[in-house]
Amino acid sequence: MVEAFRRALPDAAIHVYDNNSTDGTAAAARAAGALVRTERLQGKGHVVRRMFADVEADLYVLVDGDDTYDAAAAPAMVALLLADQLDMVTGTRVTEIEAAYRPGHRFGNRMLTGMVAQVFGDRISDMLSGYRVFSRRFVKSFPALSSGFETETEFTIHALELNMPVGEVPCAYRDRPAGSSSKLRTYADGFRILRTILLLVKEERPLQFFSLAALGLLLLGLGLGVPVVWQFLGTGLVPRLPTAVLATGVVLMSFLAQVCGLVLDSVARGRKESKRLAYLAHRAPGA
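For the structure given in this document, a descriptive report is provided here. Please read all numbers here as calculations on a predicted model, not as lab measurements.

Criteria and cut-off values
Residues numbered from 1 in each chain as written. Predicted model: local features only at pLDDT ≥ 70, side-chain atom pairs only at ≥ 80, totals over all residues. Heavy atoms only, no water. Helix = DSSP H or I, 4+ residues; strand = E, 2+ residues; numbered from the N terminus. Rg over C-alpha atoms; globule rule 2.2 N^0.38 Å. Buried < 20%, exposed > 50% of the residue type's maximum accessible area, 1.4 Å probe, protein only. Contact = heavy atoms within 4.5 Å. Areas by Shrake-Rupley, 256 points an atom, 1.4 Å probe, with all protein chains shown as cover. Lys, Arg positive; Asp, Glu negative; His and termini not counted. Charge placed at Lys NZ, Arg CZ, Asp CG, Glu CD. Pairing = 2+ DSSP bridges. Axes fitted to C-alpha atoms, helices over the stretch in contact; angles between N-to-C directions. Arc of directions from axis to C-beta. 1 Å grid on protein atoms, 1.4 Å probe; cavity = no way out; pocket = protein on both sides within 12 Å on 5 of 7 lines; lining within 4 Å. Points joined across faces, edges and corners; volume = space filled by probe spheres on them. Nonpolar A, V, L, I, M, F, W, Y, C, P; charged D, E, K, R; others polar. Core = buried A, V, L, I, M, F, W, Y, C linked by side-chain atoms within 4.5 Å. Salt bridge = Lys/Arg side-chain N within 4 Å of Asp/Glu carboxyl O.

## Here we look at the overall build of the protein chain
Assigned secondary structure in the protein chain consists of 10 helices and 6 strands. Computed over its C-alpha atoms, the radius of gyration of the protein chain comes to 24 Å, more than 25% above the 19 Å expected for a compact globule of 287 residues. Across its three principal axes, the protein chain shows a C-alpha extent of roughly 85 × 45 × 35 Å. Counting only residues that meet the buried cut, the protein chain has 41% of its 287 residues in that class. Summarising the internal contacts of the protein chain: among those between residues at least 6 apart in sequence, 75% fall at separations of at least 24. When the accessible surface of the protein chain is split by element, carbon and sulfur atoms take 63% of a total near 15,400 Å². A distance of 4 Å separates the average location of the 32 positive side-chain charges in the protein chain from that of its 29 negative side-chain charges.

As structure tokens, this is what we get:
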């Protein structure tokens, strides 16, 4: 794989990060001429955070080390980023090999990508692709908070939330080499990605998040309280006092949720401005 990327990008420095592997990956990469570094904290997100902190470059090509992505697509991705001065180009997976990209994974990717598109904008079609090209200003403004495979979700939402210019290039996707196995746990990592989406919606769009919570609580409170009020208007009595108290508490909680959303929306705006300023501190690619 190192040789394939060296042929595709002969002027690039190739870094391989060893994440506690025991299969000789580091030695093979070093023998192929790559710069090999080690990240002891297990998980793709930890590796990405370390890479983005350590490596200084004008452009970054990030690819999973399982030899499933086509190195020949890298020059086109780099050329598109430079020509249009983009901040992220995603290699969208194209394959007819069912074992390489199983139907369940396709469905999960479409579902999760669609959820992100509904909230942050529909500009990326393969949110979970592990093949990306980044500008320096993307990398140096990216907070990298996740620890595992949910880091691709962070990439996508970071770009969409800051309205960065992005692009896509179709990329051939193949099955893993014989004798290797994926660390991806379909259901466990799928739920982690879903949880990450919800957390990022809460962090980046708190007004929408808490407004939905407030609306749900308000409807619940009205559902509990309207029959009690109706009965009081007809009889002058409140025989269901516990329900009346519960309804009052739920409605008050809905107002509190809405206030939380308003306050946190101001905090999120300040965080967004800080990330935008960090992003603007670096030149546009190709400038």
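## Let's talk about the sheet that holds strand S5 (residues 131-135)
Judged by pairing direction, the sheet is mixed, and its 4 strands sit side by side in the order S3-S5-S4-S6 without closing on themselves. Since the sheet does not close on itself, it has two edges, and those belong to strand S3 (59-63) and strand S6 (166-172), each with one partner. Neighbour-to-neighbour, the strand axes of this sheet turn through a mean angle of 20°, independent of strand direction. Across the sheet, helix H7 (residues 151-161) touches S3, strand S4 (88-94), S5 and S6, and the angle it forms with S5 is around 40°.

## Focus on helix H4 (residues 74-83)
Every buried residue belonging to H4 is among Ala 74, Met 77, Val 78 and Leu 81, and all of these are buried. Down the axis, H4 shows its buried residues gathered within 95° of arc, on one side only. Among the structural elements, helix H1 (2-8), S3, S4, S5 and S6 are those in contact with the buried residues of H4. One or two positions beyond H4, positive phi appears at Gln 85, with a value near 50°.

## Structural notes on the side chain of His 46
Locating His 46 in the fold gives a position in helix H3 (residues 44-54). According to the relative accessible area criterion, His 46 is buried, its value standing at 17%. Ignoring anything within four residues of it in the chain, the contact list for His 46 reads Glu 39, Leu 41, Ser 146 and Ser 147.

## Here's the deal with the pairing of S4
Judged by how many residues are buried, S4 sits mostly within the fold: 6 of 7 residues are covered. Bridge count between S4 and S6: 7 bridges; the pairing is parallel. Across the sheet, residue Arg 93 finds its bridge partner in S6, namely Cys 171.

## Considerations on the layout of surface pockets
Think of a ball as big as a water molecule: rolled over the atoms, this probe shows where empty space is left. Empty space within the second largest pocket amounts to approximately 320 Å³. Lining of the second largest pocket is provided by 17 residues; of these, Pro 143, Leu 145, Ser 146, Glu 154 and Leu 200 occupy positions nearest its centre. Only H7, helix H8 (186-204) and helix H10 (241-280) provide two or more residues apiece to the lining of the second largest pocket. Looking at which element gives the most residues to the lining of the second largest pocket, the answer is H8, with 6 residues. For the lining of the second largest pocket, the class distribution of residues is 6 nonpolar, 3 polar and 8 charged.

## As for the nonpolar core
In terms of nonpolar packing, the biggest core is built from 32 residues, with Phe 52, Met 88, Phe 134, Phe 138 and Phe 155 touching the most fellow members. Contributing elements (two or more residues each) for this core: H3, S3, helix H5 (103-120), helix H6 (136-139), H7 and H8. For Met 88, the residues in contact, after removing those within four places along its chain, are Leu 81, Ile 124, Arg 132, Val 133, Phe 134, Phe 138, Phe 155, Thr 156, Ala 159, Pro 165, Val 166 and Gly 167. One finds Ala 26, Val 36, Ala 71 and Val 78 within the second-largest nonpolar core, a separate group that totals 25 residues.

## A closer look at the pattern of salt bridges
This model, assessed by the stated rule, comprises 17 salt bridges. A salt bridge links Glu 203 to Lys 202; its shortest N-O distance comes to 2.7 Å. The class for Lys 202 is partly exposed, based on a relative accessible area of 26%. Each of Arg 37, Glu 39, Arg 50 and Asp 54 takes part in a single network of salt bridges with overlapping partners.

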